[in-house]
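A look at the structure
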Amino acid sequence: MMPGNDLEVTKSEQEEEDETKKRGSDTNNSTVASTYFDQQLLIPKTDDYKFSLRKLWAFTGPGFLMSIAYLDPGNIESDLRSGSLAQFKLLWVLMSATFLGLLMQRLSARLGVVTGMHLAEVSAKFYPKVPRLILWIMVEIAVIGSDMQEVIGTSIAFFILSDGKIPLYGGVLITIVDTFTFLLLDKFGLRKLEAFFGFLILVMSITFGYEYVTVAPNQSQVLKGLFVPYCDGCGPKQLMQAVGTIGAIIMPHNMYLHSALVKSRDVDRSKKEAIREANMYYFIEASIALFVSFLINVFVVSVFAEGLYGKSSQEVYENCVKHNNPHAELFNITASQVDVDIFRGGVFLGCQFGLAAMYIWAVGILAAGQSSTMTGTYTGQFVMEGFLQLKWKRWQRVLLTRTVAILPTILISIFSGIDDLTYMNDLLNVLMSLQLPFALLPVLSFTSNKCVMGDFVNGRVMKAIAGVLTVVVIGINLFFVVVYVKELPKHWAIYLVITIIVVLYITFVTYLAWYCLIMVGLDALARIPLCPFQPPRVEEMSAGYHLYESIADSS
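To keep things clear, this report deals only with the structure shown in the data block.

The rules behind these values
Residues numbered from 1 in each chain as written. Predicted model: local features only at pLDDT ≥ 70, side-chain atom pairs only at ≥ 80, totals over all residues. Heavy atoms only, no water. Helix = DSSP H or I, 4+ residues; strand = E, 2+ residues; numbered from the N terminus. Buried < 20%, exposed > 50% of the residue type's maximum accessible area, 1.4 Å probe, protein only. Contact = heavy atoms within 4.5 Å. Areas by Shrake-Rupley, 256 points an atom, 1.4 Å probe, with all protein chains shown as cover. Core = buried A, V, L, I, M, F, W, Y, C linked by side-chain atoms within 4.5 Å. Salt bridge = Lys/Arg side-chain N within 4 Å of Asp/Glu carboxyl O. Expected span 1.5 Å × (residues − 1).

We now examine the overall build of the protein. For the protein, the count of helices and strands is 22 helices and 0 strands. When the 555 residues of the protein are sorted by exposure, 58% land in the buried category. Pairs at least 24 apart in sequence give 83% of the contacts found in the protein among residues at least 6 apart. Split by element, the accessible area of the protein, about 22900 Å² in all, is 66% carbon and sulfur.

For the rest of this paragraph, the subject is the nonpolar core. Counting 139 residues, the largest nonpolar core has Phe208, Tyr256, Phe304, Trp361 and Phe446 as the members making the most contacts within it. Sort the elements by how many residues they give to this core and helix α13 (residues 272–307) lands first, with 15 residues. Every residue in contact with Phe446, bar those within four places of it in the chain, is listed here: Leu111, Leu119, Val122, Ser123, Phe126, Tyr127, Val452, Met453 and Met519.

Counted according to the given criterion, the structure contains 8 salt bridges. Salt-bridge contacts for Arg265 lead to Glu194; the nearest nitrogen and oxygen are separated by 2.8 Å. Residue Arg265 is located in the loop between α12 (252–261) and α13, and its partner Glu194 is located in helix α9 (residues 190–215); the two are separated by 71 residues in the primary sequence. The class for Arg265 is buried, based on a relative accessible area of 0%. Accessibility expressed as a relative area gives 7% for Glu194, which makes it buried. In this structure, the salt-bridge partner of Asp341 is Arg344, at a minimum N-O distance of 2.8 Å. Across this residue pair, the class does not change: Asp341 and Arg344 are buried. Through salt bridges with shared partners, a single network forms among Arg191, Glu194 and Arg265.

As a further point, take helix α5 (residues 91–115). For α5, with 25 residues, the first-to-last C-alpha span of 36 Å sits near the 36 Å given by 1.5 Å per residue. Counting buried residues in α5 gives 19 out of 25 residues, a clear majority hidden from the surface. Positive backbone phi, approximately 80°, marks Gly116, located one or two places after α5.

In structure tokens:
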């Protein structure tokens, strides 16, 4: 029997008190208690559920930690490329991608609030063993890829700030120490940890905002780029950048992160009103946080759209010499168009607007790298504990992820240099895009199922929007594969390996899509022996989800 919309569970005050104690005990013994929250933050109690700034402040925190993934070095590099290649013409793509990202983050947050479990835990309950393990591996790849981008960004920031005195491999090694140092912060309490992340976002707002004010982009062009969906005169490079913007903005592991972070607040899941209230406040908070991150991304795109678009390498080089920039030789090349990354972008700002602009840029990149490093660490532990029920200490998890991320990065920084390091950053943006279906499909599957979400199941409009977004993302991934295969060396062995990988990738995405369609309500597909499927049962959900527990049966 499915839970009905008109059926409510009534409990005595004593039963509710006992359940509250039990819920607290479940939280303290949860698989993520050692990772992010040793105790839940209490929400102010009121006689009604009207909007309250005091309650909004109590719920504020998880959304800003989530929004940091929209400001990592990979996103910043995507922003500056967008501005230098297409001027202001792709700002509407950035805004659309951020809005779609907000909708998907809303789904992941609702899943955590309603069920009391995060996405990895729910996936572990309902996916069969082999798909579950594959899904875990894919998410781990996304976490490690993101961590590599953060290592690259941090090392480049140190290189710029020291005028090259700290070599790239030195900056990579520093990231080992500072990550363990920042892990000590959560010993001071959840609120202080969230305040620290808020401070890093403030640093990015000030530094990139300074660049925006200094460069003073044409405001009418900025507004036109935001609200007029066009790209007049754009070619293949601009198209690739538009596609890359979507992949850089919507991060797959971020959905696993957000669904776990919302568990840090004490929500009484025995009351529908309390769940509905929590969903509302989390959505408001996430909207504010992503609006701030969106403004920062707009700052970066606009700075390079106004300052660098259309300039030749020789023009930039002459300005570098004029301002005595220590990295002037970087632009002493014959290429007509400047190919920028987060390193060259910072040097360009120093050449065009003074050395202060370069150093301030580096501080912003450093803040982006450090904040993203910490959230990546938490995400890695959430997914490991959720999928595998494997509890590691924080330092052990950091050591594993950071070692995998640092080894290739430090080898490239020693033996190849900054060009290959930034090229690897581009490849990692592509990798992030390829991992997106492994977050979008599970989120859509579980939030669209009545047994999992009860009265808070997705409506038709949300199902349609999320479904279309998922199809678009999968299409983008196939487009990326075709483009990059064309650039590979022409050898049969390489094509054979790529073919095998693509076939396996499409097969697994098809499995997840098939599972999703069944979860959404196409029960007839479950009779086709494409893959094993076990319908979700309410009694298999966490003990914290009390609303429909007593009315579930074994059907």
